[in-house]
Amino acid sequence: MLPLNGVPALICAPDGPPLAGRQAALDLIGDAMGHGADLVVVPVARLGEDFFALRSGLAGEVVQKFADYRLRLAIVGDVSTHVAASTALRDFVREANRGTQIRFADTIPALAARLAARA
């Protein structure tokens, strides 16, 4: 747990198990709620290979699970290689980033700055 500009955040280590399905999302949500977090920060390295896959990807399902529990999700790292080839995924990232459910940032300091700008 670490506060990022006043937001209690659960920050995941980059070398942990991949966030690769509903159960992994629920486990992470349980950890966050148990620690009183409002935001879960997941390094892009923790995302499964197919997280952003257009047809079978888990991004939409995982984001919805976090929204169901009123938690925000932040993905930190370079996602451009995952979304560069797909207009639909670029649209998903843009729309998700615009709302409050999910944030994308290159680094944790950049994420903290974005959170401060929204406060």
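First, a word on scope: everything that follows refers to the structure included in this document. Counting starts from 1 at the beginning of each chain's written sequence and moves along it residue by residue. Per-residue local features of the predicted model are confined to residues with pLDDT of at least 70, and side-chain atom pairs are confined, for both listing and counting, to 80 or more; whole-chain, interface and lining totals are unaffected and use all residues. Only hydrogens and water are removed before side-chain values are computed, so all heavy atoms of the structure are retained for them.

## A look at unusual backbone geometry
Comment: phi is negative for the bulk of residues other than glycine, and the bulk of peptide bonds are trans. Non-glycine residue Arg70 carries a positive phi angle of around 55°. Looking at the secondary structure, you find Arg70 in the loop between α2 (59-68) and β4 (72-76). The buried label applies to any residue whose accessible area, calculated with a 1.4 Å probe on protein chains only, is under 20% of its type's maximum; exposed applies above 50%, and partly exposed to all values in between. What makes Arg70 exposed here is its relative accessible area of 75%. Each helix is a run of H or I in the DSSP string that is no shorter than four residues. Each strand is a run of E no shorter than two, and both are numbered from the N terminus.

## Description of the sheet that holds strand β3 (residues 39-43)
Whether parallel or antiparallel, the strands of a sheet pair through hydrogen bonds between backbone atoms. Strands are labelled as partners when DSSP assigns at least two bridges between them. Pairing is mixed in the open sheet, where five strands are placed in the order β1-β2-β3-β4-β5. Edge positions in the sheet fall to β1 (2-4) and β5 (102-105), since each of these pairs with one other strand and no more. Going from strand to strand, the sheet's axes swing by 30° on average, the running direction of each strand aside. The pairing of β3 with β4 spans five bridges and is parallel. Residue Pro43 lies in a different strand from β4, and its bridge partner there is Val76. An axis is simply a line fitted to the C-alpha atoms; with a helix, the fit covers only the stretch in contact. Between two such axes, the angle follows the N-to-C directions and lies from 0 to 180 degrees.

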